[in-house]
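So the chains spell out like this:
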Amino acid sequence: MEYVVRVPAPPLDRFIDDIYCLTGTPRHRRMNVPPMPSAHLFVNLGGPVRLWDSDPSVPPAVFTDAWFMGVWTRRFLFEYPTPVRLVGVHFKPWGISPFTGMPATELRNRWVPVDAVWRRSSDRIRDQVGDIASPTERLRVLEEELRSRLAEAPSRGLSLVQHTGGRLETSHGAIPIGALTDAAGVSGNHLAMQFKSHVGVTPKRVARIYRFARLIVSVDALRPVDWSRLAHAAGYFDQAHFSREFKDFTGHTPTDYLALRRRFPAERGFPPDSGPMPAD
């Protein structure tokens with residue numbers, strides 16, 4: 001598949017990691033997606049996309065247009081249509097808040113139609129983006145839409161979350177939460193409340209996801225993998241805890257995950273394959 005990516009210009013880059021366009025025929029229809037440090041907007045220009053929560057009590061969903069997803073704390077399954085025509089946004093964990101005007105807890109571990117957040121906007125956005133042949137131009141148009149949606153005045157607590165979240169990002173979740181509260185001059189309860197409002201989860205949970213993301217993208221399946229060394233480098237100092245969290249986040253043991261990676265190697269230069277894995 002072709003993956004074209006754009007980092008938006010300021011001030012959007014404070015809230016968005018990248019905007020991307022994905023087209024072509026997928027190597028694997030169904031992907032198992034672990035928790036990653038981002039929230040999402042998907043604009044689907046192709047056939048129906050199917051989604052399954054790893055929580056069996058949650059019914060699956062089918063989307064033919066556009067939807068938001070907040071930060072996920074558990075894995076989910078994503079089934080591509082064939083062919084794929086998708087434009088997406090990777091928000092930073094705190095980045096979706098100033099665009100939606102709703103508590104981030106309402107988007108945590110959920111997929112929500114765009115029209116439920118931006119009233120009667122889905123068809124207009126899809127038509128606007130879908131009528132453009134150039135992937136680069138599609139990304140520019142979506143960036144302008146996002147710029148028009150960015151709240152002019154940051155909501156209360158967002159600057160605090162953005163600053164402390166940025167420190168978690170640069171440290172890959174290694175900085176202690178106590179150090180964040182001390183530096184910010186706030187209590188742990190206050191910081192947790194603001195993170196729940198703007199991210200949907202506590203800073204401790206965000207740190208866990210950043211730590212896991214650092215681990216998973218550092219795995220080179222083409223070489224022997226020293227799991228103990230990788231786990232320690234990512235901040236896991238308890239092997240049993242690492243093994244439990246790895247199984248919770250991926251559905252596999254580290255050994256089984258590595259075997260799957262070797263059976264289905266990632267496409268070179270295709271970033272979506274660095275976290276999600278085939279669920280065939």
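Structure report, in brief. From a predicted model like this one, the values you see are computed outputs, not experimental measurements.

1. Regarding the overall build of the protein
Along the protein, the regular secondary structure elements total ten helices and eleven strands. In terms of overall dimensions, the protein has a C-alpha envelope of 50 × 50 × 35 Å along the principal axes. Burial analysis of the protein (280 residues in total) assigns 51% to the buried set. Long-range pairs, those at least 24 residues apart, make up 73% of the contacts in the protein with a sequence separation of at least 6. For the protein, the computed accessible surface area is about 12,900 Å², with 51% contributed by carbon and sulfur atoms.

2. A short note on unusual backbone geometry
Phi is mostly negative for residues that are not glycine, and the peptide bonds are mostly trans. A cis amide bond links Pro-10 with the next residue in sequence, Pro-11, at an omega value of 0 degrees. Relative to the helices and strands, Pro-11 is located in the loop between strand E1 (2-6) and strand E2 (16-24). Pro-83 follows Thr-82 through a cis peptide bond whose omega is 0 degrees. Residue placement: Pro-83 occurs in the loop between strand E8 (76-79) and strand E9 (84-91). In this structure, Arg-120 takes a positive phi of about 50 degrees despite not being glycine. Looking at the secondary structure, you find Arg-120 in the loop between strand E10 (111-113) and helix H2 (122-130). The phi dihedral of His-172 is positive, around 55 degrees, even though this residue is not glycine. Among the structural elements, His-172 can be located in the loop between helix H4 (158-170) and helix H5 (177-184).

What counts, and where the lines are drawn
Residues numbered from 1 in each chain as written. Predicted model: local features only at pLDDT ≥ 70, side-chain atom pairs only at ≥ 80, totals over all residues. Heavy atoms only, no water. Helix = DSSP H or I, 4+ residues; strand = E, 2+ residues; numbered from the N terminus. Buried < 20%, exposed > 50% of the residue type's maximum accessible area, 1.4 Å probe, protein only. Contact = heavy atoms within 4.5 Å. Areas by Shrake-Rupley, 256 points an atom, 1.4 Å probe, with all protein chains shown as cover.

Function-wise, these values are silent; they only describe arrangement.
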